[in-house]
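# Topology and contacts: notes
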Amino acid sequence: MANAASLPYHEPGIVTILTQSSFILLLNVINFVLDRSFYCGLLGQVLLGVAWGTPGAKWLGTEAEEVIVQLGYLGLLLLVYEGGISTSFQALKANLLLSFCVAITGIGLPMGISFILQKLTGATPLQSFAAGAALCSTSLGTTFTVLSSSGLTKSRLGVVLTSAAMMDDVVGLVMVQIISNLGGASGASISAVTIVRPLLVSLAFAFCAPLVCVFVAKPVTVRLNGYRTRNAQGFVNRVLAESSVVWVVHTLILIGCIAATAYAGTSNLFAAYIAGAAISWWDAEVPHPVFNVVTPDTTSTSSTVREASDGKDRIAEPSAQVVNSPAQTAELSTKEPCNDATPPSSANRKASPGPCFSGSYIYEHYYQQTLEKLLRPFFFASIGFSIPITEMFRGSIVWKGFVYAVLMGIAKMVCGLWLVRFSLPRMPTNIPVMSTFAKLKRTLCIGESRQTSTPADTASSDELSQSPSRSSPKARMTAQTAHTESPGKKPRSLYPASILGCAMVARGEIGFLISSIAESKGIFTSPTSNTGESSDIFLVVTWAIVLCTILGPLAVGLLARRVKELGDGVEREGRVVRGDVLGVWGLS
């Protein structure tokens, strides 16, 4: 077969057809049912992977599982890319310090607590370090899926969680390369380059990507838009007005970033997030032209465009105008949105304001259906393929795994304390430590206050002040507390902190990847281990990853369901409350 000129075609048997079709069908059915109940359909997909795959009944076969793993990884790349597309840079800049603190907590505590394995399982410091590396990550795929199911992707809580999880996974993905290097080197040959090089490559990409966006992508786009404005009926403008062309450009950016980071020695997932974030930045921060297109029922070359300044219609020349600010683009896009059924490139379109084919538009129309129905279920099912369920139920392994899982869950849930505002007494500022802590607290509160005072709140307050008699008591109280409530006060509930802490618990794909590499490279193997069996440390770490990956999303789903019930209950009963349940953390 190695020298065959082609692959012979064989019709699959009825058993194969029934097995694979039932697998795909049940993946979607379980996801639908559990998402509607607990916002955690991914758990059913993981368990179905265990049942249908090698750990369970072995119904799929090794070849089919390998294909599912490969397609599932494409789904993971698109999940992370979606997270980048959904990134709000205004919210990210306002919460960058807070996200960094959450990420550092989520990395440092699991790494430090993992050294308890030296007493729990007799692990060496290197083995404890490898276990901590596997448990310091946060599952990006799980995080984005849970946020999408609960509707918190664009909220402030979602921004903090997404950026912190991305930082955790960047460190985790750097750990993949470090663990791989450590496994192939003897103790005497471990050098600083082995550990530092993957970290420096990741930092280089993180710093170079914004520079390329600002000093290369933006000037090129402005120059190209100028040419398109002067030649609105030209070939270049007609080509770039096609959604399929924009899709090809976005896809090439995604593939190019992935290929560049892979050859440079850092993570593909990191590249997918950078690509999505770069496209999101381009949509929001770069000025885009508004073209006037002749409609079929008109005989002149003029068309009606909507002014961004006063919102009035006017007759324009057959050219284009450039929206110079993201605010104008957003306003125009709100007034005249893209017609999904009729592409803006067709003959009967009207004026197309702003970047009609944004990253979110292209993602929803070209990627989303395939991702949600096929690639994402395959990804979570492939996680189930990696769980050695038959070797995990030895007595000593079970209780050690539970203890380690509880410690790792607590280590991640502590991250939620950064969202709790404590009412502390005044501290003397002449003590250096107290002064530094006070500055940090003021900085975090400033970011929160910026996020709280949104344009929508300002508009609402102005409208209420102009017509106080027509506003409802609930609206008046909301407008009043939006500007008088101190951002540093204790929150009305611990739901935001609980959701953040529980969402950080899930380890998922990165944890399995690091632990599997450590096992295959012999880091977890002890001299007394039996050949052909998994090491005890690997099984204990697997228990922790499995329990955290299952219980974390389940807890988030239950919390999100409770928050939704509380919000619906307040609206249904007509009671007046001081804002929604999540407070400023629920703002988008």
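Residues numbered from 1 in each chain as written. Predicted model: local features only at pLDDT ≥ 70, side-chain atom pairs only at ≥ 80, totals over all residues. Heavy atoms only, no water.

## A look at the overall build of the protein chain
Looking only at helices and strands, the protein chain features 22 helices and 4 strands. As presented, the protein chain carries roughly 29,100 Å² of accessible surface, and 64% of it is formed by carbon and sulfur atoms. (Helix = DSSP H or I, 4+ residues; strand = E, 2+ residues; numbered from the N terminus. Areas by Shrake-Rupley, 256 points an atom, 1.4 Å probe, with all protein chains shown as cover.)

## Re the packing of helix α8 (residues 140-150) against helix α15 (residues 359-385)
Orientation of α8 relative to α15, taken along the N-to-C sense of each, is 130°, at an axis distance of 11 Å. Comparing their axes, α15 and α8 come out oblique. Here α8 and α15 pass one another in a crossing that is left-handed. Counted together, Gly 141, Thr 142 and Thr 145 of α8 and Arg 376, Phe 379 and Phe 380 of α15 form the full contact between these two elements. (Axes fitted to C-alpha atoms, helices over the stretch in contact; angles between N-to-C directions. Parallel < 35°, antiparallel > 145°, perpendicular 65-115°, else oblique. Left-handed = near helix turned anticlockwise from the far one by under 90°. Contact = heavy atoms within 4.5 Å.)

## Quick word on the environment of Leu 513
Its place among the elements puts Leu 513 in helix α21 (residues 508-520). The class of Leu 513 is partly exposed, set by a relative accessible area of 38%. Separated by 341 residues in sequence, Leu 513 and Gly 172 have C-alpha atoms that sit 9.7 Å apart. (Buried < 20%, exposed > 50% of the residue type's maximum accessible area, 1.4 Å probe, protein only.)

## Some points on the pattern of salt bridges
Under the criterion given, the structure shown has 2 salt bridges. Ionic pairing is found between Lys 412 and Asp 168, a salt bridge with its closest N-O pair at 2.9 Å. You can see Lys 412 sitting in helix α16 (residues 395-413) and its partner Asp 168 sitting in helix α9 (residues 156-183), a full 244 residues away along the chain. With respect to class, Lys 412 is no different from Asp 168; both count as buried. With a shortest N-O distance of 2.7 Å, Arg 394 and Asp 536 are connected by a salt bridge. On the criterion of sequence distance, the pair formed by Arg 394 in the loop between α15 and α16 and Asp 536 in helix α22 (residues 536-573) is long-range, its members being 142 residues apart. Residue class for Arg 394 comes out partly exposed when judged on its relative accessible area of 36%. You can call Asp 536 partly exposed: its relative accessible area is 40%. (Salt bridge = Lys/Arg side-chain N within 4 Å of Asp/Glu carboxyl O.)

## Concerning unusual backbone geometry
Here the phi dihedral of Lys 58 falls at roughly 60°; this positive angle occurs in a residue that is not glycine. Tracing the chain through its elements places Lys 58 in the loop between α2 (41-52) and α3 (62-85).

## Some remarks on the confidence of the model for the protein chain
When the pLDDT values of the protein chain are averaged, the result is 75; 69% of them are 70 or greater. Taken together, the stretch residues 293-319 has pLDDT below 50 and engages in 50 contacts with residues farther than four places along the chain or on a different chain. Every residue in residues 451-490 is under pLDDT 50, and counting partners more than four places away or in other chains gives 37 contacts. (pLDDT = per-residue confidence, 0-100.)

## Re a nonpolar patch on the surface
A cluster of nonpolar residues, Leu 211, Val 212, Val 214, Phe 215, Val 216 and Val 220, forms a patch on the protein surface that exposes about 550 Å² of accessible area. Within the secondary structure, Val 212 is located in helix α10 (residues 192-230). (Patch = residues over 30% accessible without salt bridge, like charges linked within 9 Å, V, L, I, M, F, W, Y side chains within 5 Å.)

## A look at the side chain of Ser 515
Among the secondary structure elements, Ser 515 is positioned in helix α21. Setting aside residues no more than four positions away along its own chain, Ser 515 makes contact with Ala 134, Phe 524, Phe 538, Val 541 and Ile 545.

## With respect to the packing of aromatic side chains
Going through the model one piece at a time under the given rule, you end up with 11 aromatic pairs. Note on Tyr 363 and Tyr 367: the rings are 6.2 Å apart at their centroids and 45° apart in plane angle, and the pair reads as tilted. You can see Tyr 363 and its partner Tyr 367 sitting in helix α15, 4 residues apart, about one turn around the helix. Residue classification places Tyr 363 among the buried residues on the basis of a relative accessible area of 5%. Exposure remark for Tyr 367: the relative accessible area of 11% places this residue in the buried category. (Phe/Tyr/Trp six-rings, centres within 6.5 Å; stacked < 30°, edge-to-face > 60°.)

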